[in-house]
Amino acid sequence: MFEIGPLLIQAFTYARQFLTTLGATPLQAVVGIKFLQTTLTISIILAIPLFLVYAERKISAFMQARLGPMHTGPWGLLQTPADTIKLLFKEDIVPQGADRLLHLLAVILAAAPVFVCFAPVPWGTGFPLINLDTGILFVFAVSGVSTLGILAAGWGSGNKFSMLGGLRGAAQMVSYEIPRALSVVPVVLFYSSLNLQTIATAQMERWHGWMPKWFIFYPGIGQIAFIVFLIASVAETNRIPFDIPEAESELVSGYHTEYSGMKFAFFFLAEYVYVFLSSALVTTLFLGGADGAAFLPSWMWFLGKTLLIVFLFLWFRWTFPRLRVDRLMQFCWQFLLPLALVNIVLTVGWMMCKTPSQDVLPTQAAIPSSEMHGSPDDAGLTKAVEK
Amino acid sequence: MTLPLGIFYALSALMIGFSLVVVTSRNLFRGAMCLTASMGFVAAFFALLGGDFLAASQLLIYVGGVMVLILFVVMFVQTPDLFRARQTSVRWIPALLLAGGVGALFIRAFCHIESPTELPVLQPTSTALGHLLLGDMAVPFEVISLVLLAALVGALVFGLERES
Amino acid sequence: MITLAHMLCLSAILFSIGIYGVLARKSLIAILMSVELMFNAANINLVAFNRFLYPDSLWGQGLVLLVITVAAAEAVVGLALVIAIYRNTKNLNADDLHLLHD
Amino acid sequence: MIDPPLLNKAVVPASALDVFPTQAPEKGMFISLGPHHPSTHGVLRVAITTEGEIVTGAQPDIGYLHRATEKLAEKRTYPQIIVLTDRLDYLAAMTNNWSYCLAVEKMLNVAIPERADYLRMIVGELQRIASHCVFIGTYGIDIGAFTPFFYSFGRERERILDLFEELCGARLTYNYVRIGGVMADAPDGWLDKVKVFVKEMYAAADEYDKLLTYNPIFTDRTQGIGIMTSEVAKAWGVTGPNLRASGERADVRIDDPYGLYPRVKFDIPIGKNGDCWERYKCRVDEVRESLKIIEQALAQIQPGETMGKVAKYFRVPPGEGYGHLEAPRGDLGFYIISDGSPSPYRFHIRAPSFINLQVLQQLLKGWKVADVIAILGSIDIVLGEVDR
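Just so we're clear, the structure is a prediction, and the values are computed from it rather than from any experiment.

Draft legend 1. Structural context of the overall build of chain C. Broken down by element type, chain C carries three helices and zero strands. Along the chain direction, N to C, the helices and strands of chain C fall in the order α-α-α. Taking 13 Å as the expected radius of gyration for a compact globule of 102 residues, we find that chain C reaches 17 Å, considerably beyond that expectation. By its C-alpha atoms, chain C is 55 × 25 × 15 Å across when sized along the principal axes. Taken over 102 residues, chain C has a buried fraction of 60%. In chain C, of all internal contacts separated by at least 6 residues, the share reaching a separation of at least 24 is 58%. For chain C, the accessible area works out to roughly 3900 Å², and carbon and sulfur atoms hold 71% of it. Across chain C, 5 positive and 6 negative side-chain charges occur, with their mean positions spaced 8 Å apart.

Draft legend 2. Representation of the overall build of chain A in the model. Secondary structure assignment for chain A yields 13 helices and two strands. Counting the 387 residues in chain A, one finds 52% classified as buried. The contacts of chain A with a sequence gap of at least 6 include a subset with a gap of at least 24, amounting to 77%. Of the accessible surface of chain A, which amounts to about 16500 Å², a share of 75% is contributed by carbon and sulfur atoms.

Draft legend 3. Fine view of the interface of chain C and chain B. Contacts between chain C and chain B engage 66 residues on the former and 80 residues on the latter. A buried area of about 6900 Å², summed over both sides, lies between chain C and chain B, and 81% of it is on carbon and sulfur atoms. Summed over the three residues of chain C that lose the most area to chain B, namely C:Tyr20, C:Arg25 and C:Arg51, the buried surface amounts to 11% of that side. On inspection of chain C and its partner chain B, the count reaches zero salt bridges. For the side of chain C that touches chain B, the secondary-structure elements that each account for two or more residues are helix H1 (4-24), helix H2 (28-52) and helix H3 (59-89) of chain C.

Draft legend 4. Structural view of the environment of A:Thr41. Along the chain, A:Thr41 turns up in helix H2 (residues 26-63). Along the primary structure A:Thr41 and A:Tyr54 are separated by 13 residues, whereas in three dimensions their C-alpha atoms are 21 Å apart.

Draft legend 5. Up close: the nonpolar core. Counting 167 residues, the largest nonpolar core has A:Ile136, A:Phe215, A:Leu285, A:Phe286, B:Ile70, C:Met7 and C:Ile29 as its most contacted members. With near-sequence residues (within four places) excluded, B:Ile70 lies in contact with B:Ala32, B:Leu35, C:Ile29, C:Met33, C:Glu36 and C:Leu79. With 112 residues, the next largest nonpolar core counts D:Ala93, D:Ala116, D:Leu260 and D:Ile293 among its residues.

Draft legend 6. Structural view of the interface of chain B and chain A. Between chain B and chain A, the residue contacts involve 31 residues of the former and 35 residues of the latter. When the buried surface of chain B facing chain A is broken down by residue, B:Leu60, B:Met75 and B:His131 rank first, second and third, together holding 20% of it. Summed over the shared surface of chain B and chain A, the result is zero salt bridges. Here chain B is connected to chain A by one residue pair in polar contact (both at pLDDT 80 or more). Sorting the residues of the side of chain B that touches chain A by element identifies helix H1 (3-24), helix H2 (28-48), helix H3 (52-77) and helix H6 (126-134) of chain B as the ones contributing at least two each. A total of 14 residues in the side of chain B that touches chain A trace back to one element, the largest contributor, which is H3(B). Each residue belonging to the side of chain B that touches chain A can be placed in one class, and the counts come to 19 nonpolar, ten polar and two charged.

Draft legend 7. Spatial organisation of the side chain of B:Ser126. In this fold, B:Ser126 is placed in helix H6. Once residues within four sequence positions are removed from consideration, B:Ser126 is found in contact with A:Asp133, A:Thr134, A:Leu194, B:Asp52 and B:Phe53.

Draft legend 8. Examining the packing of helix H5 (residues 135-156) of chain A against helix H6 (residues 160-191) of chain A more closely. All names here are of chain A. Interhelical geometry of H5 versus H6 gives an angle of 170° and a closest axis separation of 8 Å. In terms of their interaxial angle, H5 and H6 are classed as roughly antiparallel. Looking at side-chain class alone, the contact of H5 with H6 contains 13 nonpolar, eight polar and two charged residues.

Draft legend 9. Summary view of the pattern of salt bridges. Counting across every chain of the model gives 40 salt bridges over all chains. In this structure, a network of salt bridges that share partners links the residues D:Glu125, D:Arg128, D:Arg244, D:Asp251, D:Arg253, D:Glu286 and D:Glu326.

Draft legend 10. The arrangement of helix H8 (residues 221-236) of chain A in detail. All names here are of chain A. The terminal C-alpha atoms of H8, which comprises 16 residues, lie 22 Å apart, in line with the 22 Å expected from a rise of 1.5 Å per residue. Where burial is concerned, most of H8 is hidden: twelve out of the 16 residues are buried. In the core, the buried residues of H8 are packed alongside H5, H6, helix H10 (261-286), helix H11 (298-319) and helix H12 (325-354). Two residues or fewer after H8 comes Asn 238, characterised by a positive phi angle close to 55°.

Draft legend 11. The arrangement of the chains, seen in detail. Out of four pairs of chains that touch, the pair holding the most contacts is chains B and C. Between chain B and chain D there is no contact; the minimum C-alpha to C-alpha separation amounts to 12 Å.

Draft legend 12. Seen up close, the pairing of strand S6 (residues 319-327) of chain D. Residues and elements named next belong to chain D. Relative to strand S7 (residues 330-338), S6 is paired through nine bridges, and the arrangement is antiparallel. Within S7, the residue paired with Gly 323 across the bridge is Phe 334. Taking the residues between adjacent antiparallel strands as the criterion, S6 and S7 are bridged by two residues.

Draft legend 13. Structural detail: a nonpolar patch on the surface. On the surface, B:Leu146, B:Leu149, B:Leu152, B:Val153, B:Val157, B:Phe158 and C:Leu81 cluster together to form a nonpolar patch covering roughly 630 Å² of accessible area. Broken down by element, the residue count for the nonpolar patch peaks at six residues, all from helix H7 (residues 138-159) of chain B. You can see B:Val157 is positioned in helix H7.

Draft legend 14. Looking closely at the environment of D:Ala374. For D:Ala374, the position within the fold is in helix H15 (residues 372-379). Take D:Ala374: its relative accessible area is 0%, and that puts it in the buried class.

Draft legend 15. Focus on helix H1 (residues 4-21) of chain A. Helix length check: H1(A), at 18 residues, gives a terminal C-alpha distance of 26 Å against a target of 26 Å (1.5 Å per residue), a fit within 8%. At the exit of H1(A) stands A:Gly23, carrying a positive phi of roughly 100°.

Draft legend 16. Expanded view of the confidence of the model for chain A. Residue and element names in this part refer to chain A. Averaged over all residues, the pLDDT of chain A equals 82, while 88% of them reach at least 70. Ranking the elements of chain A by mean pLDDT puts helix H13 (residues 377-386) last, at 46, and H8 first, at 92. Under a pLDDT of 50 for its full length, residues 363-387 has, in the predicted model, 28 contacts with residues more than four places off or in other chains.

Draft legend 17. Fine view of unusual backbone geometry. Residue and element names in this part refer to chain A. Within the chain, Ser 192 stands out as a residue other than glycine whose phi angle is a positive 40°. At Asn 238, a residue that is not glycine, the phi angle is positive and equals roughly 55°. Positionally, Asn 238 belongs in the loop between H8 and helix H9 (244-250).

Draft legend 18. Local environment of the sheet that holds strand S1 (residues 29-33) of chain D. Residue and element names in this part refer to chain D. Overall, antiparallel pairing links the three strands, which are arranged S1-S2-S3 in an open sheet. Here the strands that pair on one side only, and so sit at the sheet edges, are S1 and strand S3 (54-61). Adjacent strand axes in the sheet meet at a mean angle of 20° when their direction is disregarded. Here strand S2 (residues 45-51) pairs with S3 via seven bridges, running antiparallel. Looking at the pairing, Arg 45 lines up with Asp 61 of S3.

Draft legend 19. Structural context of the sheet that holds S7(D). Residue and element names in this part refer to chain D. Reading across the sheet, the three strands line up as S6-S7-S8 and stay open at both edges, with antiparallel pairing between neighbours. If you trace the sheet from one side to the other, it starts and ends with S6 and strand S8 (346-350), each paired once. Strand-to-strand twist of the sheet, defined as the mean angle between neighbouring strand axes without regard to direction, takes the value 10°. Most of the contacts of helix H4 (residues 93-108) go to S6, to which it runs at about 150°, and overall it touches S6, S7 and S8.

Here is what the cut-offs are and how they apply
Residues numbered from 1 in each chain as written. Chains lettered and ligands numbered in written order. Predicted model: local features only at pLDDT ≥ 70, side-chain atom pairs only at ≥ 80, totals over all residues. Heavy atoms only, no water. Helix = DSSP H or I, 4+ residues; strand = E, 2+ residues; numbered from the N terminus. Rg over C-alpha atoms; globule rule 2.2 N^0.38 Å. Buried < 20%, exposed > 50% of the residue type's maximum accessible area, 1.4 Å probe, protein only. Contact = heavy atoms within 4.5 Å. Areas by Shrake-Rupley, 256 points an atom, 1.4 Å probe, with all protein chains shown as cover. Lys, Arg positive; Asp, Glu negative; His and termini not counted. Charge placed at Lys NZ, Arg CZ, Asp CG, Glu CD. Buried area = accessible area lost by both parts, 1.4 Å probe. Salt bridge = Lys/Arg side-chain N within 4 Å of Asp/Glu carboxyl O. Core = buried A, V, L, I, M, F, W, Y, C linked by side-chain atoms within 4.5 Å. Polar contact = N/O pair within 3.5 Å; in protein donor to acceptor, adjacent residues only side chain to side chain. Nonpolar A, V, L, I, M, F, W, Y, C, P; charged D, E, K, R; others polar. Axes fitted to C-alpha atoms, helices over the stretch in contact; angles between N-to-C directions. Parallel < 35°, antiparallel > 145°, perpendicular 65-115°, else oblique. Expected span 1.5 Å × (residues − 1). Pairing = 2+ DSSP bridges. Patch = residues over 30% accessible without salt bridge, like charges linked within 9 Å, V, L, I, M, F, W, Y side chains within 5 Å. pLDDT = per-residue confidence, 0-100.

Laid out in structure tokens, this is it:
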């Protein structure tokens, strides 16, 4: 039906021609368009936590035999905007012994990378902001930067206990990055490309007609990779059962207890955008991104699957108790990591037996040619840069 | 002054600024943070010069891994007096002269290097890099894993607290 | 247009800042950080040579990957040493660490 | 006039001040947990000294909720004191009233009509279920699971409080049990409502098992943690579910039966190795036992008198008396010295939480910092009773 992807591409090409008629050099036009696309995507991403916070409160309420916010607006719909405005007016306290600049920088470091990670994620046909060849690696690299935000928050709060909380939080995130990255290796091996767009489109085929060839349906390797990636993502976003910040505040104050007002709201916002990003990655890698029957536009398929995975994240939060700190680390190093490594071996075994004669690695000639069928102005960008 | 050159000058000015702060700042944590920023700009330069896989791995390994490690150690070691004491040893003037001399020598040598003007279009490098690493550079690739193993064991040996 | 000379001058400046850092800083960690700076300067040079002089092969970038790995390994061992020294002598002043045995 | 034994001259051990850690030991770290802290069940401060990850010393600091109940009682007549006993263990007011009335009735040796005793037993067991529901909910939150709280505290306990409100008009401070009987007979249809509730409560107890008791992360956090052997428990005078979880078969309802407990059959859930999980499991099983007791009481209850022959203003013959019963948290006793006047000369409460809390000093030593909350929660103390 109303497939928005191609419409957007047309709109952007007209805008580019319009800019060139205004006398901008082709490069400036392309950069302008990219800027426009980025603001559009970031505005969508900023709207999502508003919805997610409301969804979490409602879903957790129904799980707990209560109603959740009902008073602000019909069925409590205006609850999140009301909270945001309230947080806006809250006084912004910086602890006395703290390093003022670092206190602020920590929030930026924790929140900003998450938005950058959305660039290579394909929302639907013709939608990705930039068709990045090193898609998934770029996402892991940039999301690694938010660990620094937690360390800076711990150190920037001035008191010894939030520093300890920061250290533990960062240690958890760093150690869960490894199984998370390793669990993606089978997917990359299978579709022999890091580019999220290629991975998503490669999962569009069907097994004998009806069964979608999503990676999760591959027996054995698909399910293991999916589970390891999901668990590691829950740990990366610091949510129960892996939430060090709350667990720390039980005893030693967590790293974001010294924050108030808008800064605290940003930590909160970053967590929800990070949850949405992780579920978007799960959809792209394991559930075939925007692949779905024709009666729904592709981006709606993508959004539906992602929200399903987000529901999983919310569900985990309200059913599981919290793991103890050292058990949590032990779980990562002695269970998740070996499982991910075994899964890689299984995948290679699967690929070997699938194509016994031909060398597993595609020969030199078979390197996919560089022209992507993503948004055409990508190629334009590289040519323009060289002029 | 085309756009790419403008970008180049802006990035390099920022990077040099952050690196100077790393070397001169009194507060170790601020130094470590500025080192992270300068490494981020190095990743930007890799991207500018066509190494997209390289930029991502620089961010992943350096900024996500090594810098977190350095920040960990800085937080362990933050003794109050370390902050206030003069950060540079008494012989900072000869060091400045030596560094300046070496820098000037390099720059004079590099200024007149002519480089080809028309260059091929930037290609995505991850697949080609993969073939290179596992094809011609297979031996160094394996040796590196031994180096990493040795580093891991070494770090554990030094790091573990032994009641000697 | 960005030329090879631009890149090499930039990495030369970065390298000299690294040298100054190693020679002039008192605290061990600061010295370690300056060494990291020098590693990065070398990496920029490698990528620049690969891009301008041998654009069709990728040996430069392959070497940079190896350099990054070695630098990470070196940083790990260096920091472990720093922690061990700090635990025994409680100060990280490079000038005071001239005794081979206490 | 009897000159009272020298009871209340507290002997402050000379070394009490240094027993109390206030600054960090040279190697470890000092954490002051509380007094207003998300998971210390009220205003309790525990000064914890740790060495690295292991707790080396824990000193509970109490007195933040002290209201001098025992001194107040000396200025009030016996029936007026019932109101004070509601506020001791504010999660189990019924059993407080009952225990106090037992003590006074023993001194007055007045006969209690049978229906009153049955009503007391039903109401006492309902109160035990309500108190254990609070424990199950808050212990879930301590370990990090938020949802069981809304089921046990939010749903089951609310139904019990509604039953109590229908019975005696109050939800928390009932003073339904009076000296010589109960305040009023159960309104008609009330007993059937209790019957309906008891049937549904069985299903709820099984639901807690599914939600928390056999949850792998919960068992991983609580099994084998905070182990209290029966010798340690007896040495510190611990009573109630904490003692039974360590393998001791000690229950006032069996050792020193009161009311009509001999007429009902029920067994006592006993644990083996006394860790946090066993203490939790014993309380969940006790809920089922209480349901059995209520069922049998509902079957045996006959219509009749609900108030014995007690004058409105009575004087207790001089002497001392002690009455105790099995409160949800342990052996709750009231010791009264009367000098013949309408108000007691000396009124002392043997509060189980106060005594169970002391075992923390030994129990917390040697465990990890992350386990402190789990162990503290499993002891299930109520500060109203501790500080009196």
